Amino acid sequence: QKEVEQNSGPLSVPEGAIASLNCTYSDRGSQSFFWYRQYSGKSPELIMSIYSNGDKEDGRFTAQLNKASQYVSLLIRDSQPSDSATYLCAAGATGGSYIPTFGRGTSLIVHP
Amino acid sequence: DAGVIQSPRHEVTEMGQEVTLRCKPISGHNSLFWYRQTMMRGLELLIYFNNNVPIDDSGMPEDRFSAKMPNASFSTLKIQPSEPRDSAVYFCASSFQTGAQETQYFGPGTRLLVL
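Residues numbered from 1 in each chain as written. Chains lettered and ligands numbered in written order. Predicted model: local features only at pLDDT ≥ 70, side-chain atom pairs only at ≥ 80, totals over all residues. Heavy atoms only, no water.

**Examining the environment of Glu3 of chain A**
All names here are of chain A.
- Tracing the backbone through its elements, the reader meets Glu3 in the segment before strand E1 (4-5).
- In this structure Glu3 comes out as partly exposed when scored by relative accessible area, which is 38%.
- Considering only alpha carbons, one finds Glu3 and Phe102, 99 residues apart in sequence, at a separation of 7.8 Å.
- The contact partners of Glu3, leaving out residues within four places of it in the chain, are Thr24, Tyr25, Ser26 and Thr101. (Helix = DSSP H or I, 4+ residues; strand = E, 2+ residues; numbered from the N terminus. Buried < 20%, exposed > 50% of the residue type's maximum accessible area, 1.4 Å probe, protein only. Contact = heavy atoms within 4.5 Å.)

The structure is reproduced here in C-alpha cells:
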C-alpha cells in the first residue's frame, strides 16, 4: 500500500525563523511530489511541486527531493504568522494513472 | 477561470436521507477526483475519473456511495442512505494530466453533517 508519512505536529516556530517540514513516501516509483497548504476550514491549495532530485525555490519556499531516501521536505524562510496552516505532502503514484497519495499533514504555527 | 465549483457548500441531513454533492471542474481539465477529509483519517481519495470515465473507485467506502460524471463539466457524488459516520468535508479536485506532471486544484468543499 502506498503511503506518505508526515509528522502531525504542531510545529511551532517564531516569526522570521525557518520552518522545516518533512515527508517520506513508500512508493519508490513515485515521480511527482507536491506540497499543499490548507488553512483551517479551507481547501488545500498547491504551493510547490517538484519532480527532480535536488532543490526547487519559489520565493520564501524551497522544496527538496531525495528519491534515494524517498524523502521530500519544504522549507519556509522568514516564516510569517500567515504561514500558520496545515501542510499536506503528496506523492504522485505511478502505473499510468498518477493518482497522488496524500499525507495526513503537518500543522505549522508561526508565533509573533 | 472560476476554479472548481462545488455545491452545496454546507449540508445538514438526517440519517437515512439521500445526499447529492455536485462538482464543476475547471474547464479543460481531463481528470476529476472526489476526496473525503476527516480529522481521524485525513484526506482520502474516493474516486477518480479520467476523460469522464471512472478509473479508480477503490476508495469508495461501500455501496451506499456512488459517483457519476455524465460530461466533462459535471460530476456528482451520491450517498444513499446517509449515516452519521459519513459526516466529513467532501472535496472535488480537477487536473489536466500531462504525463507525470499534474497539479490538482481543489474546490471549496462541501461540509456534510449527518444527524
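**Re empty space enclosed by the protein**
Residue and element names in this part refer to chain A.
- Evaluated as defined, the whole model comprises one cavity of 30 Å³ or more.
- Taken as a whole, the largest cavity holds about 30 Å³ of empty space.
- For the largest cavity, the lining is made up of ten residues, of which Lys2, Asp27, Ser30, Ala91 and Thr101 are closest to its centre.
- Among the residues making up the lining of the largest cavity, the classes are represented as four nonpolar, three polar and three charged. (1 Å grid on protein atoms, 1.4 Å probe; cavity = no way out; pocket = protein on both sides within 12 Å on 5 of 7 lines; lining within 4 Å. Points joined across faces, edges and corners; volume = space filled by probe spheres on them. Nonpolar A, V, L, I, M, F, W, Y, C, P; charged D, E, K, R; others polar.)

**Regarding the interface of chain B and chain A**
- Between chain B and chain A, the residue contacts involve 23 residues of the former and 18 residues of the latter.
- Carbon and sulfur atoms supply 57% of the area that chain B and chain A bury against each other, a total of about 1600 Å² over both sides.
- Linking chain B with chain A are zero salt bridges, by the criterion used here.
- Remark: the boundary between chain B and chain A carries six residue pairs in polar contact (both at pLDDT 80 or more).
- Of all elements in the fold, only strand E4 (31-38) and strand E5 (42-50) of chain B reach the threshold of two or more residues within the side of chain B that touches chain A.
- For the side of chain B that touches chain A, the per-class residue count stands at eleven nonpolar, eight polar and four charged. (Buried area = accessible area lost by both parts, 1.4 Å probe. Salt bridge = Lys/Arg side-chain N within 4 Å of Asp/Glu carboxyl O. Polar contact = N/O pair within 3.5 Å; in protein donor to acceptor, adjacent residues only side chain to side chain.)

**Notes on the layout of surface pockets**
- Of the volumes computed, that of the largest pocket is approximately 720 Å³.
- As for the largest pocket, its lining consists of 24 residues, and the residues nearest its centre are Gln1, Lys2, Thr101 and Phe102 of chain A together with Leu43 of chain B.
- At the level of secondary structure, the elements contributing two or more residues to the lining of the largest pocket comprise E1 and strand E10 (100-102) of chain A together with E5 of chain B.
- Looking at the lining of the largest pocket, the element that brings in the most residues is E5 of chain B, giving five residues.
- Here the second largest pocket defines a volume of roughly 480 Å³.
- Along its surface, the second largest pocket is lined by 18 residues, and Gln38, Thr86 and Arg104 of chain A together with Gln37 and Met39 of chain B are the ones closest to its centre.
- Of all the secondary structure elements, the ones that give two or more residues to the lining of the second largest pocket are strand E9 (85-92) and strand E11 (106-111) of chain A together with E4 of chain B.
- The class makeup of the residues in the lining of the second largest pocket is four nonpolar, eleven polar and three charged.

These results come straight from atomic positions and should not be treated as a statement about function.
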